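# Breakdown of the fold
The primary structure of each chain is shown beneath.
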There are 4 protein chains.
Amino acid sequence: MTKVIRNGTIVTADRTWKADVLIQHGKIVAIGENLHADHEFDATGCYIMPGGIDPHTHLEMPFMGTYSADDFESGTRAALSGGTTMVVDFCLPAPGQSLLEALQMWDNKTSKACSDYSFHMAITWWGEQVFNEMAQVVDKGITSFKHFMAYKGALMVDDDEMYSSFKRCAELGALPLVHAENGDVVAQLSAKLLAEGNNGPEAHAYSRPPEVEGEATNRAIMIADMVGSPLYVVHTSCEQAHEAIRRARQKGMRVYGEPLIQHLVLDETEYFNKDWDHAARRVMSPPFRNKLHQDSLWAGLQAGSLQVVATDHCSFTTEQKRTGVGNFTKIPNGTGGLEDRMPVLWTKGVNTGRLTMNEFVAVTSTNIAKILNMYPKKGAIVEGADADVIVWDPKRKKTIAAKSQQSVIDYNVFEGIEVTGLPRFVFTRGELAIQEHEVKANPGHGEFVTREPHAAVNRALSQWKEITAPRKVERTGIPATGV
Amino acid sequence: MTKVIRNGTIVTADRTWKADVLIQHGKIVAIGENLHADHEFDATGCYIMPGGIDPHTHLEMPFMGTYSADDFESGTRAALSGGTTMVVDFCLPAPGQSLLEALQMWDNKTSKACSDYSFHMAITWWGEQVFNEMAQVVDKGITSFKHFMAYKGALMVDDDEMYSSFKRCAELGALPLVHAENGDVVAQLSAKLLAEGNNGPEAHAYSRPPEVEGEATNRAIMIADMVGSPLYVVHTSCEQAHEAIRRARQKGMRVYGEPLIQHLVLDETEYFNKDWDHAARRVMSPPFRNKLHQDSLWAGLQAGSLQVVATDHCSFTTEQKRTGVGNFTKIPNGTGGLEDRMPVLWTKGVNTGRLTMNEFVAVTSTNIAKILNMYPKKGAIVEGADADVIVWDPKRKKTIAAKSQQSVIDYNVFEGIEVTGLPRFVFTRGELAIQEHEVKANPGHGEFVTREPHAAVNRALSQWKEITAPRKVERTGIPATGV
Amino acid sequence: MTKVIRNGTIVTADRTWKADVLIQHGKIVAIGENLHADHEFDATGCYIMPGGIDPHTHLEMPFMGTYSADDFESGTRAALSGGTTMVVDFCLPAPGQSLLEALQMWDNKTSKACSDYSFHMAITWWGEQVFNEMAQVVDKGITSFKHFMAYKGALMVDDDEMYSSFKRCAELGALPLVHAENGDVVAQLSAKLLAEGNNGPEAHAYSRPPEVEGEATNRAIMIADMVGSPLYVVHTSCEQAHEAIRRARQKGMRVYGEPLIQHLVLDETEYFNKDWDHAARRVMSPPFRNKLHQDSLWAGLQAGSLQVVATDHCSFTTEQKRTGVGNFTKIPNGTGGLEDRMPVLWTKGVNTGRLTMNEFVAVTSTNIAKILNMYPKKGAIVEGADADVIVWDPKRKKTIAAKSQQSVIDYNVFEGIEVTGLPRFVFTRGELAIQEHEVKANPGHGEFVTREPHAAVNRALSQWKEITAPRKVERTGIPATGV
Amino acid sequence: MTKVIRNGTIVTADRTWKADVLIQHGKIVAIGENLHADHEFDATGCYIMPGGIDPHTHLEMPFMGTYSADDFESGTRAALSGGTTMVVDFCLPAPGQSLLEALQMWDNKTSKACSDYSFHMAITWWGEQVFNEMAQVVDKGITSFKHFMAYKGALMVDDDEMYSSFKRCAELGALPLVHAENGDVVAQLSAKLLAEGNNGPEAHAYSRPPEVEGEATNRAIMIADMVGSPLYVVHTSCEQAHEAIRRARQKGMRVYGEPLIQHLVLDETEYFNKDWDHAARRVMSPPFRNKLHQDSLWAGLQAGSLQVVATDHCSFTTEQKRTGVGNFTKIPNGTGGLEDRMPVLWTKGVNTGRLTMNEFVAVTSTNIAKILNMYPKKGAIVEGADADVIVWDPKRKKTIAAKSQQSVIDYNVFEGIEVTGLPRFVFTRGELAIQEHEVKANPGHGEFVTREPHAAVNRALSQWKEITAPRKVERTGIPATGV
Ligand SMILES: [Zn+2]
Ligand SMILES: [Zn+2]
Ligand SMILES: [Zn+2]
Ligand SMILES: [Zn+2]
Ligand SMILES: [Zn+2]
Ligand SMILES: [Zn+2]
Ligand SMILES: [Zn+2]
Ligand SMILES: [Zn+2]
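Reading guide: rules and limits
Residues numbered from 1 in each chain as written. Chains lettered and ligands numbered in written order. Predicted model: local features only at pLDDT ≥ 70, side-chain atom pairs only at ≥ 80, totals over all residues. Heavy atoms only, no water. Contact = heavy atoms within 4.5 Å. Buried area = accessible area lost by both parts, 1.4 Å probe. Salt bridge = Lys/Arg side-chain N within 4 Å of Asp/Glu carboxyl O. Polar contact = N/O pair within 3.5 Å; in protein donor to acceptor, adjacent residues only side chain to side chain. Helix = DSSP H or I, 4+ residues; strand = E, 2+ residues; numbered from the N terminus. Nonpolar A, V, L, I, M, F, W, Y, C, P; charged D, E, K, R; others polar. Pairing = 2+ DSSP bridges. UniProt positions renumbered as here; feature names shortened; annotations may be inferred. Donors = N, O, S within 2.8 Å, 3.2 Å for Na, K, Ca; no water. Buried < 20%, exposed > 50% of the residue type's maximum accessible area, 1.4 Å probe, protein only. Axes fitted to C-alpha atoms, helices over the stretch in contact; angles between N-to-C directions.

## Overview of the interface of chain D and chain A
Facing 60 residues of chain D, the contacting portion of chain A comprises 60 residues. When chain D packs against chain A, the two sides together hide about 4900 Å² of surface, and 56% of this comes from carbon and sulfur. Between chain D and chain A we count eight salt bridges in total. A salt bridge links Arg247(A) to Glu243(D), with the shortest nitrogen-to-oxygen separation between them at 3.6 Å. Applying the counting rule to chain D against chain A returns 24 residue pairs in polar contact (both at pLDDT 80 or more). Mapped onto the side of chain D that touches chain A, the elements with two or more residues apiece are α4 (159-172), α5 (183-195), α6 (201-206), α7 (210-227), α8 (239-249) and α10 (276-281) of chain D. Ranked by residues supplied to the side of chain D that touches chain A, first place goes to α7(D) with nine residues. Looking at the side of chain D that touches chain A residue by residue, the classes come out as 23 nonpolar, 12 polar and 25 charged.

So this is what it looks like as structure tokens:
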């Protein structure tokens, strides 16, 4: 059975042209004029783009004996309904736990995934076992390792551990990721705020100012540079972190930054809302920032100093959020966004002229696929690629509302924003999952996507570091002589 | 008659994969496995890449009653022999001259071009005629306009003229280019140096320090921002100019920077050579800089803050250079490079790990085609593109030497550099022009390439500028009231 | 007759200590404990500080056939009443006019000055006469030369003229000043705004965005660097200009920046006021900026990258302002501030902890005296210094109001601001001019202050530039040889 | 008995003038013309300046069972002979040791000090005892606390400890200092280098690259900002650290940077010397850097982004250095410099025009006294100040040589540098200690200098932090309501 998308304009990261797209066996098999197939989908007035990839989600994430509310089923369904056809989730071993064992646990959650997915592996502790298992994890097609510089006493690793793990990544040709906030300082500020009676959700923001993120970003960059590894900084939310990334890149370092759609469009005033629930629902780390930081992030996407847009989707219900009444440090960290990332970014980015359509594709899909080394299987409209394809109707509108969303939580941080630009059709590996507001996502359809290590940038960087490595000074008769 | 390139690895700006390339009627018609054709070219061990594009040449450029030595025939032959399959030359109207008339003159020179070519039009004066003719020039497919901020009393335009011309570019959806050096200050410094007896070629460098280039770059950027136009800065040679570009980009401005291969690998010590000829042959504007500036330019290519690599090929013989004995301001400005850009960049960039192969393709070809809005006709290995294709042998070596070059001049500024990485085959619109050291370039084969205005970035920027334009404050009864 | 200020705490730019100050013949003659004199002034609870110096005023400035409203009498009286005991005004020759003739005209205006004063000489045109007269101006004790990069068709000089004049300053050991806005671009933007019907006072701000100031600042810095001169940038109002200054200083360049008290505390929203008069009264160049720029300026004072605070006092009555109804370019540029600079800076700077008291003295007085090379005659509490002394009561309050001010204009841009910190006594060369709200200023008391050229910074910079000057490469038999 | 220095020119941080200086009871009692006294010292042709203060020395510092070679006697004698009249040394408690007990040990070493001295107290561990004793240390007049971010397993403190200690400093009005290098990374790099056989002294430099210092500097700044404390960064040696300091200061943070005279004039090529001893004698942390970093440091002194010049004098004999043959991590860290700081800085700074004479005084003396809050008792030529005065002969020359130095070690890192500018006389609290090459330093003459907490900058910063502290959002009925 073949499908064809007809009468549309293809928009990729590097060009825009009119052509039809023929799909068979889950792949794009032809791109050209006047193609025909068993099923034809009309894209008149629409853009045909690679499906979105969200490089940063936490579906069914364990948290204090409960789980984040969206699991791989509802999460990927929400994703698809907004035009995102793949997610990359985080496997989080408990400190001391085998990476492989944790991976098995995470794998178990994915049986009802509606879209394809991959994993980042978190390094939450260090030891010979971790060192060894990292190679096995890479063999399984997981080539990116996450490090938490915050969450002291839980997931946090120290500089020595980061150095060791980054070095191991460099050897394996893998990519280290960091959640960059100084955990020691966050803990101290949190304690101080609580001691002063500052226990509301706004204190969450106060406890994690931009300086704390900027510092950690800068530190992770230095460590990556010392071991000769590229680095990917997740949820870059502020100018301080962006500045550190830019400064590194301007020296030729291979550093990537990932703003979240939330940080691009929502700001810190959300936390000053008189409604505790309203504020608590926006509690995530890093917290929302002010307009200045937003401008910095947008400019980063324009300049290429920031490369991708994610969500850090980790949804908790209002009831779960209320665990933190009276103590902001107990509010589960996370918000939704999987369903909204693409239409919100289109509306605030493309419709304003901040981004071209091609840049939109790049930051929501293609750049992610490239950085995570799964391009052009994903992130491309090219013959042979997976048919993760969206037909984007730039005129379709809706007002974002929790009551009509796919996510299982009871609110939406983008509530009330009117978006212009929504999918008409969404295909995941050739299967039609979304047709306007009709959701046809198929639980269990999603497959794990393996990725190769030693991406081109890793190889180039290793070569450069070898050429410029410090050289021993040859001496005879040491010590040689006197004054 | 069909041709196929077999057994190679295709390297484009965004990926690397094994496939054959089928060529017919000057176009790429198929990419895939096991393709066959009338003529087969073996690319075993080689990379199949888009032919290089040099966005900045001056072939047969008039200069004080003579012409730069390489014309469109020898220049494009030299280009092809080094893997460059297209050049973009500058049409330079005399002040007061009609743009269209000048274009006719330039067009006349191209009859023997061996490769395709396009033009940038220079704006060397301002008036209603220029304003009007710019639209006609765009209609002819020339959508980029060059402005000289130096060469006082000759080509230089002032800020008012630049503003007017940039504004006109914004309206027409065209791209302004600048040669960025402060011409007033260069003239003053030159006069001072000569007055002090500093008349040798090294004084050329003294008369155009990096600060002078950085300042002009910064100024052009501001003017482009004020009119809402993207900007392309030619021959960005120093950290000061690069800093200005980075600073602008970090604010979301659409500014491009073009380092030359010369500035990436040669430095100012060339001017201190005791041999006057040696130094004079390297006289170009901007002059070579020190190692610091080189590091800055390389990092710019890595970070994406600089996008393309050019040559500013404008070759003068030693005899022509000697016009300036006793007065450095009379030394014709310009060096060669068309033949050497690709192998030198590969050797110093890819072989060291500074650039990936994909980045090499981007900066020598694809980015140029995109910025000048002729992608993917040029700069791509994609079905339907012009078959400007090179088969690159990463093991082929040579030592650069004037005595064996295609350029008609009697020296080579890269003399003695050993390069590893050279073309095995070069195709220009499907015709084989180069087979290793055999040159089969065909004078007259080259065609003019038209380009469309209103590239995506132009449209996006215009939209953003309109949304953020200053708004009138509505008042009634003006002036309203007292203190 | 002797005077003593008793029981106070002396605050200078470098320290704070309790001592009495004895005054005789207009000079400070002793500083110590338990001093006595014919007249004793009680400073209990107060700080004894050097009188403020305003380095930037325009008293009785000619403008389109009229004059700015405050003359040397009312201006210096206003100054004294706010704790400022000296002003430096600008002598503005008409293009073509002799500098000496203009100086005579300006000198004529000062006969009723209540406080001491000095002049900056403006270079509004260039020629041999100007070149020669600059030396004579320096001989008269005027060692700073102002250059307007804006006001096209009136005061503006171009880059060539600036280079020539700055070079002349370097030779004479004088200090060039610049009003840094790109006049060509301001003219273009103004014409565009008017053409679009944007003729209100807010369009004045639109016509002079921060980018235009930043660009000109950067350009002036480059030119000063090329001639080897220090540079003083007047009314630095924005981050862009401050960034250029910082960037230069970070390379060791000797550049000074002067924020105005207006730019530190007032912002662009003033221009959006529905009352035309309100907005027009705030029209000055550069215009008020947003909060971001304010933060930048404050940080500059803290970091030392900006050194002094001025007013650019150039007051026009509402009636004069109304000349520009229907055409913002006709609104006379300028606001008041002489009376308010010290109390407003104290309130917004010292009382908030942004500045220490010593820094307050530095930026309002001492740094100015040093940069303009009249320290410690002015700007110091030291034996032998002029007794320009203020006794500052940190508890005294008032609400700023036009109706109670010394300036002759009918409004005050700081109207309604409550200040805490006001003079109890103000002495000008030993004469009591102000006693709380009693004004005893004595018209005609003020004297011209001469200044010496070749300040320490000028000499050091010249030495460094000479050591690092480009050197000729010695060659024999030129051109030497072939390839 | 009175003394007078006659016929000289006084040079202070803020001015230059001809006057005599009268000394009695160890104090400056008068400054003026034609002063006379019991003993008269002729300063014809000389500059009378405040004696140098070295804010960073390690005299008789314990190290692996031995001590740094210069003790308070030889160290202060060396200091005096070069024009430095006060040193601030570091009291280093062992981890776990009482601060007060350590202070007693350090105090015991000072009985033969020839010049005045003060202490910084190091915080090498954290606990309630340290928290409490910090207050007692401040009561004893020691108001600056040093933190080592390197020397893992010995003196190093982690971020949590730094936060706690900086916070305590903020409460006490004290000043935290940091040795800024990332100790974890240094340890990892060292281990890697040793494992690769890179065991020579050059590997010491390889193990502590500028990035490692820049990172730590940036981190310490962030922590200081979070607690609302000023910060003093010792031995700022590179652009990366300087950049972090500049960036902080540009946001209004109160951060100071201290380049060493070694880093200003010596570079990394010293470590590539074929003579092991030569290289090992230069081993200190941070190591010498390249010319670029030197330029950055000089520019910092010019711009004021770096404020003081020190030595980190910690001299070890060649024999002690040889402990590290075969293992660079065992080479005792430290070089001399106390005797050479002033003449070398004068020669390389003032004689070249990089610094004015006033700036020389500021960075060698006055700024230090101000930052450490002992101005104008020290660092000033003012009535009432301690008579730590030098008479500087700008024409006196010598070539630096170990064989003629006061320091007890057998080499000098400045060996062979010719200096022009040396003391004619040096007075320590009124006692003549040096008369050209005659050394009259008096062991036991030196006294401990107490300092007050709560300097002006501390108070201002605390005020600002209080005003801008995060505020609780007042809510009723929490959580308030639903979606
Ligand atoms: Zn995170
Ligand atoms: Zn996350
Ligand atoms: Zn050019
Ligand atoms: Zn050119
Ligand atoms: Zn002005
Ligand atoms: Zn003015
Ligand atoms: Zn140290
Ligand atoms: Zn030390």
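## Some remarks on the sheet that holds strand β18 (residues 418-428) of chain A
All names here are of chain A. Taken together, seven strands build an open sheet; the order of strands is β3-β2-β7-β17-β18-β19-β20 and the sheet is mixed. Looking along the sheet, the strands with just one partner apiece sit at the ends: β3 (16-18) and β20 (438-439). One ladder, built from two bridges, connects strand β2 (residues 9-11) with strand β7 (residues 47-50); its direction is parallel. Paired with Ile10 across the strands is Ile48, a residue of β7.

## A short note on the interface of chain D and chain C
Chain D puts 32 residues into the contact, and the matching count from chain C is 32 residues. Note on chain D versus chain C: buried area summed over both sides is about 2800 Å², and carbon and sulfur give 49% of it. Counting across the interface, chain D meets chain C through two salt bridges. Elements that contribute at least two residues to the side of chain D that touches chain C include exactly α8, α11 (291-303), α14 (357-371) and α15 (456-467) of chain D. Ranked by residues supplied to the side of chain D that touches chain C, first place goes to α15(D) with seven residues.

## Some remarks on the UniProt feature "domain: Amidohydrolase-related" (unreviewed entry) in chain A
Under the UniProt annotation, the feature "domain: Amidohydrolase-related" (unreviewed entry) is placed at residues 47-430 of chain A. Measuring from the first to the last C-alpha atom of residues 47-430 of chain A gives 17 Å, for a span that is 38% helix and 17% strand.

## Side note on the coordination of the zinc ion (ligand 8)
All names here are of chain D. Distances from the zinc ion (ligand 8) to its protein donors, His56 (NE2), His58 (NE2) and Asp312 (OD), fall at 2.1 to 2.3 Å. For His56, a relative accessible area of 0% translates into the label buried. The exposure class of His58 is buried, given its relative accessible area of 6%.

## Quick word on the sheet that holds strand β12 (residues 116-122) of chain A
Residues and elements named next belong to chain A. Spatially, the seven strands line up as an open sheet ordered β8-β11-β12-β13-β14-β15-β16, and their pairing is parallel. In this open sheet, the two strands that pair with only one neighbour each are β8 (52-57) and β16 (255-257). If you compare each strand with its neighbour and ignore which way they point, the axes differ by 25° on average. The strands that helix α1 (residues 72-81) touches are β11 (84-91) and β12; relative to β11, the one it contacts most, it runs at about 140°.

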